[in-house]
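# Summary of the model geometry
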Amino acid sequence: MHVDEFIKMNASERSAKYSQLTPFREAIFKLKNEGFTERKILEYLALNDVVVNQSTLHRFVKRNADNEPQKKQTNMSKRQRPVPAADASSEPRKPVDPTKPSWVPDHINVDELLSKS
């Protein structure tokens, strides 16, 4: 048997496997953009007689996300995120004491505590 014949004979099985979520593409991305988890989206799909694994849904979303506008950018690293501009109405920053750990509250004098011991 030639490979092309095999593909033709099994084309319906192959396309059914990959297109099972395609009719729900718009609904899946709407739920995703509204903040629903993949587990909740799987519940929605099950109500519509579509039962797939979470990994299948995840792959479908990942492969089809290129064409969908996203509500928020989740792939941006901390270094890429825009830094908020300093507002004139915001409080000026206090000078940082390099000898004092950042987790110590401002009202505690570290030198005074260390001298008492």
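This text follows the structure it describes.
A brief look at the structure comes next. (Residues numbered from 1 in each chain as written. Predicted model: local features only at pLDDT ≥ 70, side-chain atom pairs only at ≥ 80, totals over all residues. Heavy atoms only, no water.)

## So, helix 3 (residues 38–47)
Those residues of helix 3 not exposed but buried are Glu38, Ile41, Leu42 and Leu45. Mapping the buried residues of helix 3 onto a view down its axis gives an arc of 105 degrees, with all of them on the same face. Along helix 3, the residues that are exposed and aim more than 90 degrees away from the buried face are Arg39 and Leu47. The inward-facing, buried residues of helix 3 abut helix 2 (25–33) and helix 4 (54–64). The first or second residue beyond helix 3 is Asp49, which carries a positive phi of 60 degrees. (Buried < 20%, exposed > 50% of the residue type's maximum accessible area, 1.4 Å probe, protein only. Helix = DSSP H or I, 4+ residues; strand = E, 2+ residues; numbered from the N terminus. Arc of directions from axis to C-beta. Contact = heavy atoms within 4.5 Å.)

## Brief notes about the nonpolar core
Counting 14 residues, the largest nonpolar core has Leu21, Ile28, Ile41, Leu45, Val50, Val52 and Leu57 as the members making the most contacts within it. Looking at this core, the elements that each hand over two or more residues are helix 2, helix 3 and helix 4. Those residues in contact with Leu45 that lie beyond four places of it in its chain are Leu21, Phe24, Ile28, Val50, Val52 and Leu57. (Core = buried A, V, L, I, M, F, W, Y, C linked by side-chain atoms within 4.5 Å.)

## Concerning the packing of aromatic side chains
Aromatic ring pairs: the centre-centre distance and the angle between the two ring planes describe each pair. Considering all chains together, one arrives at one aromatic pair under this definition. With centroids separated by 6.5 Å and ring planes inclined at 80 degrees, the aromatic side chains of Phe24 and Tyr44 adopt a geometry described as edge-to-face. With a gap of 20 residues between them, Phe24 in the loop between helix 1 (3–19) and helix 2 and Tyr44 in helix 3 connect regions that are remote in the sequence. Looking at Phe24, the relative accessible area reads 18%, which means it is buried. (Phe/Tyr/Trp six-rings, centres within 6.5 Å; stacked < 30°, edge-to-face > 60°.)

## What about the pattern of salt bridges?
Counted by the stated rule, this structure contains two salt bridges. The residue Glu38 makes a salt bridge to Lys32 at a minimum N-O spacing of 3.8 Å. According to the relative accessible area criterion, Lys32 is partly exposed, its value standing at 30%. One salt bridge connects Lys40 with Glu43, and the closest N-O pair in it is separated by 3.5 Å. Within this pair, Lys40 and its partner Glu43 are both found in helix 3, separated by three residues, close to a single helical turn. Among the residues examined, Lys40 registers a relative accessible area of 43% and is labelled partly exposed. (Salt bridge = Lys/Arg side-chain N within 4 Å of Asp/Glu carboxyl O.)

## Some details on the side chain of Glu38
Here Glu38 is to be found in helix 3. The exposure class assigned to Glu38 is buried, which follows from its relative accessible area of 11%.

## Concerning the packing of helix 3 against helix 4
For the pair helix 3 and helix 4, interaxial distance at closest approach is 10 Å and the crossing angle is 100 degrees. As judged from the angle between their axes, helix 3 and helix 4 are roughly perpendicular. Of the residues in helix 4, those touching helix 3 at Glu38, Arg39, Ile41, Leu42 and Leu45 are Gln54, Leu57 and His58. (Axes fitted to C-alpha atoms, helices over the stretch in contact; angles between N-to-C directions. Parallel < 35°, antiparallel > 145°, perpendicular 65-115°, else oblique.)

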